[in-house]
Each structure stands twice: as structure tokens, then as C-alpha cells.
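# Working through the structure, step by step
If you want the building blocks of each chain, they are given just below.
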Amino acid sequence: MRQRLNLILLGVRDVAASVAFYQALGWRRSTAGSDEFALFELGGVAVAFQSRAAFAADAGLPDREPGGFAGFALAYVARSAEEVYQVMAKAAELGATVTRPAGPNPWGHSGYFTDPDGHLFEVLYEDGWIFDEHDDLVL
């Protein structure tokens, strides 16, 4: 197995509502996929939204209610400290639950929210992250 990820799969209660939430944050949906399996291209990796029930059945696991800390988060590295506060405010305006408001920390600025399905999302900025000409993170 090569060291890479191709898809981040997220089970959601309502695919259309999740698509609308992320589009309102400024994401553009891919023309690939379907109404039941919505895709957003993230620069070599894609995030896919599908129903929780279908995803759990496909994985052979029982579904459980969202909530609590799952030990996993999506993260967005902002281009400035100001962008952290803007993105967090927009997410809250769209109905996200802010779990930790944006604020300074020892390495920069960050905040956390959960999307309408309870998926944890960190928005952060710190000096030192490098992006290439395609806006992809360079490690």
C-alpha cells in the first residue's frame, strides 16, 4: 500500500444538507459522484458525503449517534489569522456548533467547530506552513 489517501468518507444524515453547508462555506462540489455520494475535490484528495446508514452498512458496522470526541478532525490551514476568525464566524452563521471559539494559542490562532453531522473541523493559522502554486500544503 502506497503512502497516500484518495478519499475521506463522511457519513451524514442528509447528503443534500451537508453539500449545501459546505458549498455555503465556499467549497465547490465536483460533477463526479451522485446525489447519494457527493464529492468535493481537495487537490489530489477528495471528501465524499454519503448517508450514515449506507456507509455503516457498507462497512459492516452498526451506526451510532454522532457526538463526543471521535479522535479525528478535518483541518483547514488558513492563509492568515484573520481568515481563521472569518471562517469560524461563517461556519457558526451556517449552523455549525463552535466547540472552541477562534483565538490565539502558543503557535498561532485556531478554533474548532462541528458541522451539522457532528464532524469535528479545526480552522488554524500558524507561521511556517508552506503552500505550492496550486495552494496545496507542502511538508
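Residue numbers here run from 1 along each chain, matching the order of that chain's written sequence. In view of the model being predicted, local features appear only for residues whose pLDDT reaches at least 70, and side-chain atom pairs are presented and counted only at 80 or more, with totals across whole chains, interfaces and linings using the full set of residues. Computation of side-chain values: all heavy atoms of the structure, hydrogens and water removed.

### A few points about the pattern of salt bridges
Pairs can form between side chains of opposite charge whenever their charged atoms are close. The term salt bridge refers to a side-chain nitrogen of Lys or Arg lying within 4 Å of a carboxyl oxygen of Asp or Glu. Counted by the stated rule, this structure contains four salt bridges. Asp63 serves as the salt-bridge partner of Arg52, at 2.7 Å between the closest nitrogen and oxygen. Within this pair, whereas Arg52 is found in helix 2 (residues 52–59), its partner Asp63 is found in the loop between helix 2 and strand 4 (74–77), the two being separated by 11 residues in sequence. According to the relative accessible area criterion, Asp63 is partly exposed, its value standing at 44%. Between Lys90 and Glu93 there is a salt bridge, with its nearest N and O atoms 3.5 Å apart. Taken together, the residues span about one helical turn, with Lys90 and Glu93 both in helix 3 (residues 81–93) at a distance of three residues. On the basis of relative accessible area, Lys90 is assigned to the partly exposed category, the value being 31%. Residue exposure (1.4 Å probe, protein chains only): buried if accessible area is under 20% of the type maximum, exposed if over 50%, otherwise partly exposed. The exposed category is assigned to Glu93, whose relative accessible area is 61%. Only DSSP runs of H or I with at least four residues qualify as helices, and only runs of E with at least two residues qualify as strands; both kinds are numbered from the N terminus onward.

### Focus: the nonpolar core
Grouped together as the largest cluster of nonpolar side chains are 19 residues, with contacts concentrated most on Val15, Tyr22, Phe40, Phe49, Phe113, Phe121 and Val123. Listed by contribution, the elements that provide at least two residues to this core are strand 1 (7–12), helix 1 (15–24), strand 2 (37–41), strand 3 (46–51), helix 3 and strand 7 (120–125). Among the elements that line this core, the one with the most residues is helix 1, at four residues. Throughout, a residue-residue contact means that at least one pair of heavy atoms, one from each residue, lies within 4.5 Å. Discounting chain neighbours no more than four positions away, the residues touching Val15 are Asp35, Glu36, Ala38, Phe49, Gln50 and Ser51. Each nonpolar core is a collection of buried residues, namely Ala, Val, Leu, Ile, Met, Phe, Trp, Tyr and Cys, held together in the definition by side-chain atoms within 4.5 Å.

### Some remarks on the layout of surface pockets
Only protein atoms enter the calculation, which uses a 1 Å grid: trapped sets of points that fit a 1.4 Å probe without letting it out are cavities, open sets showing protein on both sides within 12 Å along at least five of seven lines are pockets, and any residue with an atom within 4 Å of a point is a lining residue. Grid points are joined across faces, edges and corners, and a volume is the space filled by probe spheres set on the points. Estimated volume of the largest pocket: approximately 1200 Å³. Along the walls of the largest pocket sit 28 residues, with Trp27, Leu42, Gly43, Ala75 and Tyr76 positioned nearest its centre. When residues of the lining of the largest pocket are assigned to their parent elements, the largest contribution, four residues, is made by strand 4. Of the pockets and cavities examined, the second largest pocket occupies roughly 640 Å³. In this structure, the second largest pocket is lined by 25 residues; those nearest its centre are Gly11, Arg52, Arg64, Ala70 and His119. Where the lining of the second largest pocket is concerned, the elements lending two or more residues are strand 1 and helix 2. In terms of residue count, the dominant contributor to the lining of the second largest pocket is helix 2 (four residues). Under this grouping Gly is polar, as are all residues other than the nonpolar Ala, Val, Leu, Ile, Met, Phe, Trp, Tyr, Cys and Pro and the charged Asp, Glu, Lys and Arg. Taken together, the residues of the lining of the second largest pocket break down into 14 nonpolar, seven polar and four charged.

### Observations concerning the pairing of strand 2
Two faces make up the sheet, and in a regular strand the side chains alternate between them. The sheet contact formed by strand 2 and strand 3 spans five bridges and is antiparallel. Opposite Ala38, over in strand 3, you have Phe49 as the bridge partner. Pairing between strands is defined by DSSP: at least two bridges between them are needed.

### Some thoughts on the environment of Ala46
Examined against the element boundaries, Ala46 turns out to sit in strand 3. Among all residues touching Ala46, those that are not within four sequence positions of it are Asn6, Leu7, Ile8, Leu39, Phe40 and Glu41.

### A closer look at unusual backbone geometry
Backbone geometry at Asp135 places phi at a positive 70°, although glycine is not the residue there. Of note, Asp135 is situated in the loop between strand 8 (130–131) and strand 9 (137–138).

### What to know about the side chain of Arg52
Look at Arg52 and you get buried, because its relative accessible area is 17%. Dropping the residues within four chain positions of it, Arg52 is found in contact with Gly11, Val12, Arg13, Asp63, Arg64, Glu65 and Pro66.

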